[in-house]
Amino acid sequence: MSSIHSKIQEAASQNATLLQGLHETDSAPSQLHQQNVYIADLDHQVAVINKRVADLKRKTASELKDHEKYRDSNIRRFAHKATGRKEKFAEKAAKEEKEYFDAIQAQKSAEDELAYVKQLKAEAETQRQSFVQSAERHKQLQAQLDTLYNSIFAGHTPEFPAEDRAEEACTSASQNVQHLNQQLEREKHILFLLGQTVQKLSEARTFLDGAYGMSQYDMFGGGTMASMQKRNYLERAESAIQQVRMLQGQLKQAAPDIPSLGALNIRMGDIWSDVVFDNIFTDMQMHEQVKASIQQVDREGNKCSDIIRGREQQLKKLEGESAQANERLKQARLALQQAREDAFRRVLGGEQVGSGLGSAPPGDMPPGYAARGYAPPDGPPPGYES
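Nothing here was measured: the structure is a model prediction, and the numbers come from that model. (Residues numbered from 1 in each chain as written. Predicted model: local features only at pLDDT ≥ 70, side-chain atom pairs only at ≥ 80, totals over all residues. Heavy atoms only, no water.)

On to the overall build of the protein chain. Along its length, the protein chain carries 7 helices and 0 strands. Tracing the protein chain from N to C terminus, the helices and strands come up as α-α-α-α-α-α-α. When the 386 residues of the protein chain are sorted by exposure, 43% land in the buried category. A sequence separation of at least 24 residues applies to 84% of the contacts in the protein chain between residues at least 6 apart. Within the structure as shown, the protein chain displays about 20,100 Å² of accessible surface, and the carbon and sulfur contribution to it stands at 53%. (Helix = DSSP H or I, 4+ residues; strand = E, 2+ residues; numbered from the N terminus. Buried < 20%, exposed > 50% of the residue type's maximum accessible area, 1.4 Å probe, protein only. Contact = heavy atoms within 4.5 Å. Areas by Shrake-Rupley, 256 points an atom, 1.4 Å probe, with all protein chains shown as cover.)

Here it is in structure tokens:
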């Protein structure tokens, strides 16, 4: 009996410390799991975009050869002129030049998208390290607690049915907390992706505003420089929209129930007519196309903002459920401790055991142990700000 008494006395302080550490790191395994899934998806995106960039580089090189063939060929120009097909040559030259510039833009957009995904991956890897540390601490604490309990209780204890029931209730409560934590981390990740989408739509809107201003200037005699600056803004807007499309693909994987955004097409216009054959009519046409692109981005930006507000309510609800589940787990753990203490008391023939595991009055608890209220760790997932 003295051995059991000693074990209880010796276990009190360590038990309190381990329980405190477990409550502090309960969400870490779910956070690490969600982060691993996210990084795996980013790795897949990098591989896909790398292949697309390589394909586009080959296409750009091919289009450049075709473009140079017509740009530098005096013989072809003379032959078309001699046969009365001068306009036909100009059309072909314009077509090759447009296809070359389109290829350059597609390549640039893909390269920008690749850089953005690599940036997200670097940030995610940094955040993952903190989750690894917390999850490893949680695992070690749980192992230490299991070792501590196994040194006192070994497996099923039919002579103490109350302890068995309390242990089952504690296990069930722990599983419920982990399930809710997984849902919570998934919802935070969804909001992170939605936040990134809004950010990229905002970038596209800024570039389109610049293009719109240049378009107005171009209609009033801005000339070639205004036209080229306008196209530069439009190309940057298209790069931002391409990143929005990538984020939408990630959202579809994470939350298939979220409706996709509508078509987002930045109307680049025709460089041949907008720059080479620049006139008031082409300028007016391009002005309307930029205006239509702005309306598209505004419409989908508002739609995305509405989705975010709805998901924030869902997140708030999950946070409330998680807090309640954590409180139930805390109570289940304390009940398990009480059941084990009661079992020891019976073994000792009713002797009061000052174990500090739940039976002694608050003022008699050993140093380092006190009744505490626990809540899930604060803070959003990487990159998300509420």
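After presenting the structure, the write-up continues.
Following the criterion strictly, the structure yields 17 salt bridges and no others. Taking the shortest distance from any N to any O, the salt bridge between Glu203 and Lys200 comes out at 3.3 Å. A residue pair is termed a helical-turn pair when its members lie 3 or 4 positions apart in one helix, as Glu203 and Lys200 do in helix α5 (residues 161-254) at 3 residues. Between Asp257 and Arg311 there is a salt bridge, with its nearest N and O atoms 2.9 Å apart. Separated by 54 residues along the polypeptide, Asp257 in the loop between α5 and α6 (271-276) and Arg311 in helix α7 (residues 280-347) bring together distant segments of the chain. Assessed through its relative accessible area of 6%, Arg311 is described here as buried. (Salt bridge = Lys/Arg side-chain N within 4 Å of Asp/Glu carboxyl O.)

In this section: the environment of His33. Looking at the secondary structure, you find His33 in helix α2 (residues 28-71). Taking relative accessible area as the criterion, His33 reaches 47% and is therefore assigned partly exposed. Remark: the alpha-carbon pair of His33 and Gln182, spanning 149 residues in sequence, is separated by 8.1 Å.

Moving on, we get to the packing of aromatic side chains. Aromatic rings in a pair are described by how distant their centres are and how their planes are angled relative to each other. Taken as a whole, this structure holds 1 aromatic pair when the rule is applied. Note that Lys200 overlies the ring of Tyr116, its terminal NZ or CZ placed 4.2 Å from the centroid. (Phe/Tyr/Trp six-rings, centres within 6.5 Å; stacked < 30°, edge-to-face > 60°. Lys NZ or Arg CZ within 6 Å of the ring centre and 35° of its normal.)

The next thing to look at is the confidence of the model for the protein chain. The pLDDT averaged across the protein chain works out to 76; a share of 70% of its residues lies at or above 70. In the model of the protein chain, helix α3 (residues 74-82) stands out as the element of lowest mean pLDDT, 47, in contrast to α5, which has the highest, 86. Counting contacts from residues 77-82, a segment whose pLDDT is below 50, to residues more than four positions away or on other chains yields 9 contacts. For residues 350-377, every residue scores under 50 in pLDDT, and the model assigns this stretch 46 contacts once sequence neighbours within four places are set aside. (pLDDT = per-residue confidence, 0-100.)

Now for the environment of Gln337. Relative to the helices and strands, Gln337 is located in helix α7. The spacing of Gln337 and Glu167 is 170 residues in sequence and 9.1 Å in space, taken between C-alpha atoms.

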